[in-house]
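Spelled out from the first residue to the last, the chains are:
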Amino acid sequence: MSRTIHLLCGATCRTGLRKFALLLAAAAALCAQDFDWRLRPRFAPPSVPADNPMSAEKVELGRRLFYDSRLSGNGTQSCATCHRQELAFTDGLAHAVGSTGQLHPRSSMSLVNIAYAPALTWADPNLSDLAPQALAPMFGTDPVELGLKGMEQTLLARLRKEPIYQSLFPRVFPQSADPFTVENVTKALAAFERSIISTRSPYDRYRYDGVEDAISAAAKRGEKLFFSGEKAGCFQCHGGWNFSGPVRFAGGPAVEAEFHNTGLRAFYKAPNNGIERHTGRPSDNGRFKAPTLRNIVLTAPYMHDGSILTLEGVLDHYASGGKAIPNKSPAMRSHKLTPQQRADLIEFLKTLTDVELLRDPRWSDPWKAQR
Amino acid sequence: MKQPLRLNAEDLSKMPRASVDTRFDGVAVHYEGVWLTEVLKKAGVPSGVELRGKWLTGYLLMEAEDGYQVIFTLADLDPMFGGNPVLLADAANGKALSGAEGPFRLVAPRDRRGARSVRMLKKIEIVLLRK
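The rules behind these values
- Residues numbered from 1 in each chain as written.
- Chains lettered and ligands numbered in written order.
- Predicted model: local features only at pLDDT ≥ 70, side-chain atom pairs only at ≥ 80, totals over all residues.
- Heavy atoms only, no water.
- Helix = DSSP H or I, 4+ residues; strand = E, 2+ residues; numbered from the N terminus.
- Rg over C-alpha atoms; globule rule 2.2 N^0.38 Å.
- Salt bridge = Lys/Arg side-chain N within 4 Å of Asp/Glu carboxyl O.
- Buried < 20%, exposed > 50% of the residue type's maximum accessible area, 1.4 Å probe, protein only.
- Disulfide = S-S within 2.5 Å.
- Contact = heavy atoms within 4.5 Å.
- Buried area = accessible area lost by both parts, 1.4 Å probe.
- Polar contact = N/O pair within 3.5 Å; in protein donor to acceptor, adjacent residues only side chain to side chain.
- Nonpolar A, V, L, I, M, F, W, Y, C, P; charged D, E, K, R; others polar.
- Phe/Tyr/Trp six-rings, centres within 6.5 Å; stacked < 30°, edge-to-face > 60°.
- Lys NZ or Arg CZ within 6 Å of the ring centre and 35° of its normal.
- Patch = residues over 30% accessible without salt bridge, like charges linked within 9 Å, V, L, I, M, F, W, Y side chains within 5 Å.
- Areas by Shrake-Rupley, 256 points an atom, 1.4 Å probe, with all protein chains shown as cover.

Caption draft 1: Looking closely at the overall build of chain B. The helix and strand tally for chain B stands at three helices and eight strands. Seen in sequence order, chain B has helices and strands lined up from the N terminus as α-β-β-α-β-β-α-β-β-β-β. Against the globule reference of 14 Å for 131 residues, chain B gives a C-alpha radius of gyration of 14 Å, in line with a compact fold. Expressed as lengths along the three principal axes of its C-alpha atoms, the size of chain B is roughly 45 × 30 × 30 Å.

Caption draft 2: Representation of the pattern of salt bridges in the model. Residue and element names in this part refer to chain A. Under the definition given, this model contains 33 salt bridges over all chains. A salt bridge links Glu-57 to Arg-171; the nearest nitrogen and oxygen atoms lie 2.6 Å apart. Of this pair, Glu-57 sits in helix 3 (residues 56–66) while Arg-171 is found in helix 7 (residues 163–172), placing the two residues 114 residues apart along the sequence. On the accessibility criterion, Arg-171 (47% relative accessible area) is partly exposed. The residue Asp-204 makes a salt bridge to Arg-294 at a minimum N-O spacing of 2.9 Å.

Caption draft 3: Layout of the state of the cysteines. All names here are of chain A. Within the structure shown, the criterion is met by zero disulfides over all chains. Free cysteine: Cys-234, not disulfide-bonded; nearest cysteine sulfur from Cys-237 at 9.0 Å. Note on Cys-237: relative accessible area 14%, which makes it buried.

Caption draft 4: Representation of the interface of chain B and chain A. Contacts between the two partners involve 19 residues from chain B, matched on the other side by 25 residues from chain A. Between chain B and chain A, a total of about 1700 Å² is buried, with carbon and sulfur atoms accounting for 50% of that surface. For the chain B face of the interface with chain A, the top three residues by lost area are Asp-25, Val-27 and Asp-66 of chain B, together amounting to 29%. In this structure, Glu-258 of chain A engages Arg-113 of chain B in a salt bridge whose closest nitrogen and oxygen atoms are separated by 3.5 Å. The tally of links between chain B and chain A comes to 13 residue pairs in polar contact (both at pLDDT 80 or more). Considering only residue class, the side of chain B that touches chain A consists of six nonpolar, five polar and eight charged.

Caption draft 5: Spatial organisation of the packing of aromatic side chains. Residue and element names in this part refer to chain A. Applying the stated criterion to the full structure yields 21 aromatic pairs over all chains. Both rings, one in Phe-35 and one in Trp-37, keep their centres 5.1 Å apart while their planes meet at 85 degrees; by these two values the pair is edge-to-face. Look at Phe-35 and you get buried, because its relative accessible area is 18%. Relative to Phe-243, the ring of Tyr-203 lies with its centre 5.8 Å away and its plane at 70 degrees, an arrangement referred to as edge-to-face. With a gap of 40 residues between them, Tyr-203 in helix 9 (residues 202–209) and Phe-243 in the loop between helix 10 (217–226) and strand 1 (259–260) connect regions that are remote in the sequence. Exposure class is identical for Tyr-203 and Phe-243. Each is buried. Counting every residue linked through ring pairs, the aromatic cluster contains Tyr-203, Tyr-206, Phe-226, Phe-227, Phe-235, Phe-243 and Phe-348. Across the ring face of Trp-367, the terminal group of Arg-64 is positioned such that the distance to the ring centre comes to 4.7 Å. Against the face of Trp-367 rests Arg-70, its NZ or CZ located 5.2 Å from the ring centre.

Caption draft 6: Spotlight on unusual backbone geometry. Residue Pro-271 of chain A follows Ala-270 of chain A across a cis peptide bond; omega there is 5 degrees. Here Pro-271 of chain A is to be found in the loop between strand 1 and helix 11 (276–279). With omega at 0 degrees, the peptide bond leading from Gly-102 of chain B into Pro-103 of chain B counts as cis. When you line up the elements, Pro-103 of chain B lands in the loop between strand 6 (95–96) and strand 7 (105–107). One non-glycine residue, Phe-89 of chain A, adopts positive backbone phi at about 65 degrees.

Caption draft 7: Molecular detail of a nonpolar patch on the surface. A contiguous nonpolar patch, built from Val-49, Leu-56, Met-80 and Phe-81 of chain B and spanning about 400 Å² of accessible area, is present on the exposed surface. Structurally, Met-80 of chain B is set in the loop between helix 3 (74–77) and strand 5 (87–92).

Below, the structure is given as C-alpha coordinates:
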(Lines give C-alpha, C1' and ligand atoms only; values in the text may rest on other atoms or scores of the structure.)
Protein backbone atom coordinates (compact mmCIF):
# COMPACT_ATOMS: atom_id res chain seq x y z
CA MET A 1 0.00 0.00 0.00
CA SER A 2 2.71 2.48 1.02
CA ARG A 3 4.55 1.60 -2.18
CA THR A 4 1.59 2.61 -4.30
CA ILE A 5 1.46 5.98 -2.62
CA HIS A 6 5.17 6.38 -3.13
CA LEU A 7 4.86 5.52 -6.80
CA LEU A 8 2.23 8.11 -7.30
CA CYS A 9 4.59 10.95 -6.38
CA GLY A 10 6.84 10.59 -9.39
CA ALA A 11 9.48 13.12 -8.34
CA THR A 12 10.61 11.16 -5.31
CA CYS A 13 10.76 7.79 -7.06
CA ARG A 14 14.07 5.97 -7.18
CA THR A 15 15.10 5.07 -10.72
CA GLY A 16 14.38 1.38 -10.28
CA LEU A 17 10.87 2.13 -9.30
CA ARG A 18 10.36 4.84 -11.85
CA LYS A 19 10.13 2.48 -14.80
CA PHE A 20 7.55 0.48 -12.91
CA ALA A 21 5.67 3.67 -12.12
CA LEU A 22 5.60 4.63 -15.77
CA LEU A 23 4.31 1.21 -16.68
CA LEU A 24 1.62 1.49 -14.05
CA ALA A 25 0.69 4.94 -15.30
CA ALA A 26 0.38 3.63 -18.84
CA ALA A 27 -1.82 0.76 -17.67
CA ALA A 28 -3.95 3.14 -15.63
CA ALA A 29 -4.33 5.43 -18.64
CA LEU A 30 -5.51 2.47 -20.70
CA CYS A 31 -8.03 1.42 -18.07
CA ALA A 32 -9.27 4.95 -17.57
CA GLN A 33 -9.48 5.47 -21.33
CA ASP A 34 -13.03 6.60 -21.05
CA PHE A 35 -15.31 5.94 -23.95
CA ASP A 36 -15.92 9.18 -25.83
CA TRP A 37 -19.68 9.68 -25.67
CA ARG A 38 -19.40 13.01 -27.51
CA LEU A 39 -21.89 14.55 -25.14
CA ARG A 40 -23.00 18.12 -25.24
CA PRO A 41 -21.36 20.26 -22.53
CA ARG A 42 -23.00 20.05 -19.07
CA PHE A 43 -24.73 16.72 -19.92
CA ALA A 44 -23.88 13.74 -17.70
CA PRO A 45 -23.00 10.42 -19.33
CA PRO A 46 -25.46 7.54 -18.85
CA SER A 47 -24.82 4.91 -16.19
CA VAL A 48 -23.11 1.77 -17.47
CA PRO A 49 -23.34 -1.64 -15.73
CA ALA A 50 -20.07 -2.55 -14.00
CA ASP A 51 -19.94 -5.91 -15.81
CA ASN A 52 -20.11 -4.33 -19.26
CA PRO A 53 -17.81 -1.30 -19.55
CA MET A 54 -17.84 0.72 -22.75
CA SER A 55 -15.04 0.65 -25.30
CA ALA A 56 -14.81 1.83 -28.86
CA GLU A 57 -14.12 -1.69 -30.11
CA LYS A 58 -17.04 -3.17 -28.21
CA VAL A 59 -19.34 -0.58 -29.74
CA GLU A 60 -17.95 -1.44 -33.18
CA LEU A 61 -18.60 -5.14 -32.57
CA GLY A 62 -22.10 -4.31 -31.34
CA ARG A 63 -22.76 -2.26 -34.44
CA ARG A 64 -21.71 -5.17 -36.66
CA LEU A 65 -24.04 -7.52 -34.76
CA PHE A 66 -26.91 -5.03 -34.77
CA TYR A 67 -26.83 -4.90 -38.57
CA ASP A 68 -26.11 -8.62 -39.09
CA SER A 69 -28.92 -10.79 -40.49
CA ARG A 70 -27.06 -13.88 -39.25
CA LEU A 71 -28.77 -12.88 -35.99
CA SER A 72 -32.10 -14.23 -37.28
CA GLY A 73 -32.96 -17.88 -37.60
CA ASN A 74 -33.76 -17.70 -41.31
CA GLY A 75 -31.25 -14.96 -42.14
CA THR A 76 -33.87 -12.41 -43.17
CA GLN A 77 -33.70 -9.90 -40.32
CA SER A 78 -31.39 -8.06 -37.99
CA CYS A 79 -32.12 -5.68 -35.14
CA ALA A 80 -31.88 -2.90 -37.73
CA THR A 81 -34.87 -4.29 -39.67
CA CYS A 82 -37.17 -2.97 -36.94
CA HIS A 83 -34.85 -0.23 -35.67
CA ARG A 84 -33.86 1.77 -38.78
CA GLN A 85 -31.42 4.64 -38.40
CA GLU A 86 -33.20 6.87 -40.94
CA LEU A 87 -36.39 6.55 -38.84
CA ALA A 88 -34.63 7.33 -35.55
CA PHE A 89 -34.34 3.56 -35.01
CA THR A 90 -38.03 2.70 -35.41
CA ASP A 91 -39.61 0.84 -38.36
CA GLY A 92 -42.46 3.01 -39.63
CA LEU A 93 -45.03 0.26 -38.96
CA ALA A 94 -47.97 0.15 -36.57
CA HIS A 95 -46.97 -3.38 -35.55
CA ALA A 96 -43.48 -4.76 -36.00
CA VAL A 97 -43.22 -7.85 -38.24
CA GLY A 98 -40.90 -10.68 -37.17
CA SER A 99 -38.62 -12.81 -39.35
CA THR A 100 -41.30 -15.48 -39.78
CA GLY A 101 -43.97 -12.93 -40.60
CA GLN A 102 -45.58 -12.92 -37.18
CA LEU A 103 -47.09 -9.59 -36.15
CA HIS A 104 -45.81 -8.13 -32.88
CA PRO A 105 -48.66 -6.93 -30.66
CA ARG A 106 -46.81 -3.65 -30.21
CA SER A 107 -45.05 -1.02 -32.26
CA SER A 108 -41.27 -0.78 -32.52
CA MET A 109 -39.56 1.86 -30.38
CA SER A 110 -36.80 4.39 -30.93
CA LEU A 111 -33.41 3.48 -29.46
CA VAL A 112 -32.24 7.08 -29.20
CA ASN A 113 -30.86 7.92 -25.73
CA ILE A 114 -31.96 4.48 -24.58
CA ALA A 115 -28.90 4.33 -22.29
CA TYR A 116 -30.67 6.79 -19.97
CA ALA A 117 -33.97 4.89 -19.73
CA PRO A 118 -34.91 3.55 -16.27
CA ALA A 119 -37.08 0.86 -17.92
CA LEU A 120 -37.05 -0.77 -21.34
CA THR A 121 -39.88 -1.54 -23.78
CA TRP A 122 -43.41 -0.14 -23.57
CA ALA A 123 -44.37 -1.57 -20.23
CA ASP A 124 -41.91 -3.60 -18.19
CA PRO A 125 -40.91 -2.16 -14.82
CA ASN A 126 -38.41 -4.96 -14.20
CA LEU A 127 -36.37 -4.66 -17.39
CA SER A 128 -33.70 -1.99 -17.33
CA ASP A 129 -30.47 -3.57 -18.59
CA LEU A 130 -29.98 -3.58 -22.34
CA ALA A 131 -27.96 -6.81 -22.55
CA PRO A 132 -30.69 -9.14 -21.21
CA GLN A 133 -33.31 -7.15 -23.16
CA ALA A 134 -31.63 -8.22 -26.43
CA LEU A 135 -32.46 -11.86 -25.60
CA ALA A 136 -36.17 -11.14 -26.16
CA PRO A 137 -35.98 -10.23 -29.86
CA MET A 138 -33.35 -12.93 -30.46
CA PHE A 139 -34.87 -15.93 -28.70
CA GLY A 140 -38.43 -14.89 -27.90
CA THR A 141 -41.33 -16.94 -29.25
CA ASP A 142 -44.25 -14.83 -28.14
CA PRO A 143 -43.99 -13.24 -30.63
CA VAL A 144 -41.19 -14.56 -32.84
CA GLU A 145 -38.91 -11.68 -33.85
CA LEU A 146 -35.45 -12.87 -34.90
CA GLY A 147 -36.50 -16.48 -34.37
CA LEU A 148 -33.32 -17.92 -32.85
CA LYS A 149 -34.99 -20.12 -30.22
CA GLY A 150 -32.95 -23.32 -29.84
CA MET A 151 -30.37 -22.10 -32.34
CA GLU A 152 -27.73 -20.76 -29.93
CA GLN A 153 -24.97 -23.02 -31.29
CA THR A 154 -25.97 -22.39 -34.90
CA LEU A 155 -25.79 -18.66 -34.27
CA LEU A 156 -22.37 -18.85 -32.62
CA ALA A 157 -21.06 -21.13 -35.38
CA ARG A 158 -22.21 -18.60 -37.98
CA LEU A 159 -20.45 -15.79 -36.15
CA ARG A 160 -17.23 -17.79 -35.72
CA LYS A 161 -16.93 -18.10 -39.50
CA GLU A 162 -16.80 -14.33 -40.05
CA PRO A 163 -13.18 -13.08 -40.25
CA ILE A 164 -14.14 -9.70 -38.81
CA TYR A 165 -15.63 -11.39 -35.75
CA GLN A 166 -12.62 -13.71 -35.47
CA SER A 167 -10.53 -10.65 -34.79
CA LEU A 168 -13.09 -8.51 -32.90
CA PHE A 169 -14.55 -10.97 -30.37
CA PRO A 170 -11.21 -11.94 -28.74
CA ARG A 171 -10.06 -8.31 -28.64
CA VAL A 172 -13.27 -7.07 -27.03
CA PHE A 173 -13.56 -9.97 -24.56
CA PRO A 174 -9.93 -10.91 -23.79
CA GLN A 175 -10.86 -12.53 -20.44
CA SER A 176 -13.06 -15.19 -22.02
CA ALA A 177 -11.41 -18.48 -22.99
CA ASP A 178 -14.01 -18.67 -25.76
CA PRO A 179 -15.31 -15.16 -26.45
CA PHE A 180 -18.07 -16.44 -28.77
CA THR A 181 -20.95 -16.63 -26.30
CA VAL A 182 -24.54 -15.42 -26.41
CA GLU A 183 -23.84 -13.32 -23.33
CA ASN A 184 -20.99 -11.52 -25.09
CA VAL A 185 -23.17 -10.96 -28.16
CA THR A 186 -25.79 -9.24 -25.99
CA LYS A 187 -23.13 -7.21 -24.14
CA ALA A 188 -21.70 -5.87 -27.39
CA LEU A 189 -25.20 -5.07 -28.70
CA ALA A 190 -25.93 -3.22 -25.45
CA ALA A 191 -22.72 -1.18 -25.74
CA PHE A 192 -23.66 -0.15 -29.28
CA GLU A 193 -27.18 0.82 -28.25
CA ARG A 194 -25.81 2.86 -25.33
CA SER A 195 -23.66 4.84 -27.72
CA ILE A 196 -26.71 6.16 -29.64
CA ILE A 197 -27.04 9.53 -27.96
CA SER A 198 -28.73 12.45 -29.58
CA THR A 199 -28.95 16.01 -28.31
CA ARG A 200 -28.28 17.93 -31.51
CA SER A 201 -31.77 19.03 -32.53
CA PRO A 202 -32.64 22.66 -33.32
CA TYR A 203 -34.42 22.74 -29.96
CA ASP A 204 -31.18 21.74 -28.18
CA ARG A 205 -29.36 24.55 -29.95
CA TYR A 206 -32.03 26.98 -28.81
CA ARG A 207 -32.36 25.72 -25.24
CA TYR A 208 -28.81 24.70 -24.36
CA ASP A 209 -26.63 26.81 -26.67
CA GLY A 210 -28.80 29.91 -26.43
CA VAL A 211 -29.12 30.26 -30.21
CA GLU A 212 -32.31 32.32 -30.25
CA ASP A 213 -33.15 31.82 -33.92
CA ALA A 214 -32.51 28.05 -33.97
CA ILE A 215 -36.31 27.56 -33.75
CA SER A 216 -39.22 29.63 -35.10
CA ALA A 217 -41.52 31.96 -33.18
CA ALA A 218 -44.32 29.42 -33.69
CA ALA A 219 -42.17 26.66 -32.13
CA LYS A 220 -41.40 28.94 -29.17
CA ARG A 221 -45.13 29.44 -28.60
CA GLY A 222 -45.54 25.67 -28.91
CA GLU A 223 -42.81 25.15 -26.31
CA LYS A 224 -44.80 27.22 -23.83
CA LEU A 225 -47.91 25.12 -24.44
CA PHE A 226 -45.92 21.91 -24.03
CA PHE A 227 -44.51 23.07 -20.68
CA SER A 228 -47.75 24.61 -19.48
CA GLY A 229 -49.37 22.73 -16.61
CA GLU A 230 -52.65 24.45 -17.40
CA LYS A 231 -52.83 23.85 -21.16
CA ALA A 232 -51.41 20.79 -22.90
CA GLY A 233 -49.36 19.65 -19.89
CA CYS A 234 -47.24 17.32 -22.00
CA PHE A 235 -44.11 17.85 -19.87
CA GLN A 236 -45.79 16.25 -16.88
CA CYS A 237 -45.13 12.84 -18.42
CA HIS A 238 -42.67 13.63 -21.25
CA GLY A 239 -40.48 15.83 -19.03
CA GLY A 240 -36.76 16.48 -18.79
CA TRP A 241 -34.18 16.93 -21.52
CA ASN A 242 -35.10 13.61 -23.14
CA PHE A 243 -38.86 14.30 -23.19
CA SER A 244 -39.32 10.86 -21.66
CA GLY A 245 -39.77 11.49 -17.97
CA PRO A 246 -37.06 10.64 -15.43
CA VAL A 247 -33.69 9.43 -16.71
CA ARG A 248 -30.80 7.51 -15.16
CA PHE A 249 -27.29 8.90 -15.46
CA ALA A 250 -23.82 8.19 -14.11
CA GLY A 251 -23.56 9.28 -10.49
CA GLY A 252 -27.25 10.16 -10.36
CA PRO A 253 -30.01 8.90 -8.06
CA ALA A 254 -31.68 5.54 -8.65
CA VAL A 255 -34.81 6.87 -10.32
CA GLU A 256 -37.91 4.75 -10.76
CA ALA A 257 -39.52 4.48 -14.16
CA GLU A 258 -42.97 6.03 -14.46
CA PHE A 259 -45.92 4.48 -16.26
CA HIS A 260 -49.16 6.24 -17.16
CA ASN A 261 -52.58 5.33 -18.40
CA THR A 262 -53.57 7.95 -21.00
CA GLY A 263 -57.11 6.66 -21.52
CA LEU A 264 -56.34 5.52 -25.06
CA ARG A 265 -58.62 2.48 -24.60
CA ALA A 266 -61.71 1.91 -22.50
CA PHE A 267 -60.13 -1.42 -21.58
CA TYR A 268 -56.62 -2.60 -22.33
CA LYS A 269 -56.61 -6.31 -23.24
CA ALA A 270 -53.61 -8.59 -22.70
CA PRO A 271 -50.95 -8.66 -24.02
CA ASN A 272 -51.36 -4.90 -24.43
CA ASN A 273 -52.56 -4.29 -20.88
CA GLY A 274 -49.53 -2.23 -19.84
CA ILE A 275 -47.51 -3.07 -16.75
CA GLU A 276 -50.43 -5.09 -15.35
CA ARG A 277 -48.94 -7.86 -17.48
CA HIS A 278 -45.93 -7.93 -15.15
CA THR A 279 -47.34 -6.76 -11.82
CA GLY A 280 -50.69 -8.52 -12.02
CA ARG A 281 -52.34 -5.50 -10.40
CA PRO A 282 -55.60 -4.44 -12.04
CA SER A 283 -54.78 -0.83 -11.11
CA ASP A 284 -51.80 -1.10 -13.48
CA ASN A 285 -54.04 -1.90 -16.46
CA GLY A 286 -53.15 0.37 -19.39
CA ARG A 287 -50.13 1.98 -17.78
CA PHE A 288 -47.31 2.44 -20.32
CA LYS A 289 -43.99 4.22 -20.50
CA ALA A 290 -44.09 7.73 -21.96
CA PRO A 291 -41.54 7.32 -24.76
CA THR A 292 -39.08 10.03 -25.73
CA LEU A 293 -40.56 12.62 -28.07
CA ARG A 294 -37.19 13.27 -29.68
CA ASN A 295 -37.41 12.75 -33.48
CA ILE A 296 -41.14 12.17 -33.04
CA VAL A 297 -42.10 13.39 -36.54
CA LEU A 298 -40.09 10.44 -37.91
CA THR A 299 -41.54 7.68 -35.76
CA ALA A 300 -45.20 7.45 -36.84
CA PRO A 301 -47.50 5.62 -36.38
CA TYR A 302 -47.82 6.39 -32.72
CA MET A 303 -48.56 4.74 -29.35
CA HIS A 304 -47.82 1.19 -28.17
CA ASP A 305 -50.21 -0.28 -30.72
CA GLY A 306 -49.52 2.15 -33.57
CA SER A 307 -53.17 3.13 -33.43
CA ILE A 308 -52.69 6.87 -34.06
CA LEU A 309 -51.33 7.71 -37.49
CA THR A 310 -50.40 11.37 -37.16
CA LEU A 311 -49.29 13.93 -34.59
CA GLU A 312 -52.55 15.78 -35.22
CA GLY A 313 -54.32 12.61 -34.14
CA VAL A 314 -52.15 12.44 -31.03
CA LEU A 315 -53.10 16.03 -30.11
CA ASP A 316 -56.79 15.12 -30.58
CA HIS A 317 -56.35 12.23 -28.17
CA TYR A 318 -54.80 14.45 -25.49
CA ALA A 319 -57.27 17.31 -26.04
CA SER A 320 -60.13 14.84 -25.51
CA GLY A 321 -58.62 13.95 -22.15
CA GLY A 322 -58.79 10.24 -23.02
CA LYS A 323 -61.52 7.72 -22.17
CA ALA A 324 -63.20 8.17 -18.79
CA ILE A 325 -61.71 5.19 -16.94
CA PRO A 326 -60.64 4.85 -13.31
CA ASN A 327 -56.96 4.09 -14.01
CA LYS A 328 -56.43 7.19 -16.09
CA SER A 329 -53.59 9.47 -14.97
CA PRO A 330 -54.73 12.67 -13.23
CA ALA A 331 -52.43 14.52 -15.64
CA MET A 332 -54.85 13.65 -18.46
CA ARG A 333 -57.32 16.50 -18.65
CA SER A 334 -59.42 17.53 -21.60
CA HIS A 335 -58.47 20.90 -23.02
CA LYS A 336 -59.17 23.06 -26.03
CA LEU A 337 -56.44 24.24 -28.35
CA THR A 338 -57.10 26.81 -31.08
CA PRO A 339 -55.98 25.82 -34.60
CA GLN A 340 -53.07 28.22 -34.12
CA GLN A 341 -52.06 26.55 -30.84
CA ARG A 342 -52.20 23.08 -32.40
CA ALA A 343 -50.00 24.25 -35.25
CA ASP A 344 -47.59 25.83 -32.74
CA LEU A 345 -47.37 22.66 -30.67
CA ILE A 346 -46.58 20.62 -33.78
CA GLU A 347 -43.96 23.17 -34.86
CA PHE A 348 -42.38 22.68 -31.45
CA LEU A 349 -42.39 18.87 -31.76
CA LYS A 350 -40.72 19.23 -35.17
CA THR A 351 -37.78 21.04 -33.57
CA LEU A 352 -36.91 17.86 -31.65
CA THR A 353 -35.56 16.12 -34.77
CA ASP A 354 -31.82 15.56 -34.91
CA VAL A 355 -31.02 15.14 -38.61
CA GLU A 356 -27.36 14.34 -37.91
CA LEU A 357 -28.46 11.27 -35.96
CA LEU A 358 -30.10 9.89 -39.09
CA ARG A 359 -26.86 9.77 -41.05
CA ASP A 360 -24.18 9.68 -38.37
CA PRO A 361 -21.67 7.05 -39.58
CA ARG A 362 -21.08 5.90 -35.97
CA TRP A 363 -24.49 4.23 -36.04
CA SER A 364 -24.88 3.27 -39.69
CA ASP A 365 -24.67 -0.16 -41.34
CA PRO A 366 -20.99 -1.21 -41.30
CA TRP A 367 -21.53 -4.11 -43.74
CA LYS A 368 -22.88 -1.91 -46.50
CA ALA A 369 -19.49 -0.88 -47.87
CA GLN A 370 -18.48 -4.56 -48.09
CA ARG A 371 -21.65 -5.88 -49.71
CA MET B 1 -49.91 44.40 1.21
CA LYS B 2 -51.18 47.79 0.18
CA GLN B 3 -49.00 48.56 -2.79
CA PRO B 4 -48.00 45.89 -5.28
CA LEU B 5 -44.24 45.74 -5.75
CA ARG B 6 -43.24 45.47 -9.39
CA LEU B 7 -39.87 44.09 -10.28
CA ASN B 8 -38.30 43.92 -13.71
CA ALA B 9 -35.06 42.40 -14.87
CA GLU B 10 -33.17 45.58 -14.12
CA ASP B 11 -34.48 45.81 -10.54
CA LEU B 12 -33.39 42.23 -9.96
CA SER B 13 -29.95 42.93 -11.36
CA LYS B 14 -29.43 45.59 -8.68
CA MET B 15 -30.45 43.40 -5.75
CA PRO B 16 -28.01 41.09 -3.91
CA ARG B 17 -27.29 38.34 -6.45
CA ALA B 18 -27.19 34.63 -5.70
CA SER B 19 -26.86 31.43 -7.68
CA VAL B 20 -27.88 27.79 -7.53
CA ASP B 21 -26.32 24.85 -9.36
CA THR B 22 -28.76 22.12 -10.30
CA ARG B 23 -28.23 18.76 -11.96
CA PHE B 24 -31.76 17.72 -12.78
CA ASP B 25 -31.78 14.70 -15.12
CA GLY B 26 -27.99 14.91 -15.30
CA VAL B 27 -27.90 18.30 -17.00
CA ALA B 28 -25.88 20.84 -15.04
CA VAL B 29 -27.44 24.29 -14.96
CA HIS B 30 -26.07 27.35 -13.16
CA TYR B 31 -29.04 29.55 -12.28
CA GLU B 32 -28.56 33.16 -11.25
CA GLY B 33 -30.99 35.52 -9.61
CA VAL B 34 -32.06 36.73 -6.20
CA TRP B 35 -33.12 34.73 -3.13
CA LEU B 36 -36.84 34.98 -2.54
CA THR B 37 -36.08 36.16 1.01
CA GLU B 38 -34.42 39.27 -0.47
CA VAL B 39 -37.48 39.96 -2.57
CA LEU B 40 -39.67 39.60 0.54
CA LYS B 41 -37.42 42.00 2.45
CA LYS B 42 -37.85 44.54 -0.33
CA ALA B 43 -41.60 44.06 -0.14
CA GLY B 44 -41.53 44.83 3.60
CA VAL B 45 -42.25 41.32 4.87
CA PRO B 46 -40.69 40.68 8.30
CA SER B 47 -38.16 37.88 8.76
CA GLY B 48 -36.35 35.99 11.53
CA VAL B 49 -37.49 36.98 15.04
CA GLU B 50 -39.90 39.47 13.49
CA LEU B 51 -41.67 36.72 11.61
CA ARG B 52 -44.41 36.09 14.16
CA GLY B 53 -48.13 36.48 14.82
CA LYS B 54 -50.21 36.79 11.70
CA TRP B 55 -47.12 36.54 9.48
CA LEU B 56 -46.74 32.94 10.56
CA THR B 57 -50.03 32.25 8.81
CA GLY B 58 -48.63 33.72 5.62
CA TYR B 59 -47.83 32.08 2.34
CA LEU B 60 -46.75 33.07 -1.14
CA LEU B 61 -49.03 32.18 -4.01
CA MET B 62 -46.84 31.86 -7.08
CA GLU B 63 -48.52 32.22 -10.43
CA ALA B 64 -47.09 31.44 -13.87
CA GLU B 65 -48.04 33.06 -17.17
CA ASP B 66 -50.42 30.20 -17.98
CA GLY B 67 -52.18 30.37 -14.61
CA TYR B 68 -50.26 27.51 -12.95
CA GLN B 69 -50.07 28.08 -9.19
CA VAL B 70 -48.08 26.73 -6.24
CA ILE B 71 -47.45 27.99 -2.70
CA PHE B 72 -44.54 28.35 -0.29
CA THR B 73 -45.20 29.41 3.29
CA LEU B 74 -43.27 32.39 4.64
CA ALA B 75 -41.91 30.31 7.52
CA ASP B 76 -40.81 27.58 5.10
CA LEU B 77 -38.50 30.07 3.36
CA ASP B 78 -37.26 31.96 6.41
CA PRO B 79 -33.71 31.03 7.54
CA MET B 80 -34.88 30.88 11.21
CA PHE B 81 -37.65 28.40 10.38
CA GLY B 82 -37.63 26.02 7.40
CA GLY B 83 -34.69 27.74 5.73
CA ASN B 84 -35.74 26.42 2.31
CA PRO B 85 -33.59 28.34 -0.18
CA VAL B 86 -35.63 29.33 -3.21
CA LEU B 87 -34.13 31.38 -5.99
CA LEU B 88 -36.03 33.82 -8.17
CA ALA B 89 -33.92 33.20 -11.26
CA ASP B 90 -33.55 35.40 -14.31
CA ALA B 91 -30.54 33.76 -15.97
CA ALA B 92 -29.14 30.30 -16.64
CA ASN B 93 -25.55 29.52 -17.65
CA GLY B 94 -24.91 33.23 -18.16
CA LYS B 95 -27.89 33.85 -20.44
CA ALA B 96 -31.21 35.54 -19.69
CA LEU B 97 -34.01 32.98 -19.33
CA SER B 98 -36.21 32.76 -22.40
CA GLY B 99 -39.21 30.98 -23.85
CA ALA B 100 -40.89 28.40 -21.67
CA GLU B 101 -38.31 28.98 -18.92
CA GLY B 102 -38.49 32.70 -18.56
CA PRO B 103 -38.13 35.52 -18.25
CA PHE B 104 -38.35 34.56 -14.56
CA ARG B 105 -38.61 31.23 -12.79
CA LEU B 106 -38.25 29.75 -9.35
CA VAL B 107 -35.55 27.23 -8.52
CA ALA B 108 -36.19 25.21 -5.35
CA PRO B 109 -33.10 22.98 -5.15
CA ARG B 110 -34.23 21.23 -1.98
CA ASP B 111 -37.49 20.01 -3.48
CA ARG B 112 -37.02 16.50 -4.83
CA ARG B 113 -39.54 17.12 -7.56
CA GLY B 114 -39.57 20.10 -9.87
CA ALA B 115 -43.27 21.01 -9.70
CA ARG B 116 -42.72 24.04 -7.44
CA SER B 117 -39.81 25.34 -9.48
CA VAL B 118 -42.35 27.36 -11.44
CA ARG B 119 -41.36 28.48 -14.95
CA MET B 120 -42.63 31.64 -16.63
CA LEU B 121 -43.33 33.16 -13.19
CA LYS B 122 -45.57 36.20 -13.43
CA LYS B 123 -46.88 37.01 -9.99
CA ILE B 124 -46.11 36.42 -6.31
CA GLU B 125 -49.02 37.12 -4.02
CA ILE B 126 -48.57 37.34 -0.26
CA VAL B 127 -51.59 35.90 1.55
CA LEU B 128 -52.18 35.90 5.32
CA LEU B 129 -54.56 33.18 6.38
CA ARG B 130 -55.25 34.13 10.02
CA LYS B 131 -58.91 34.69 10.56
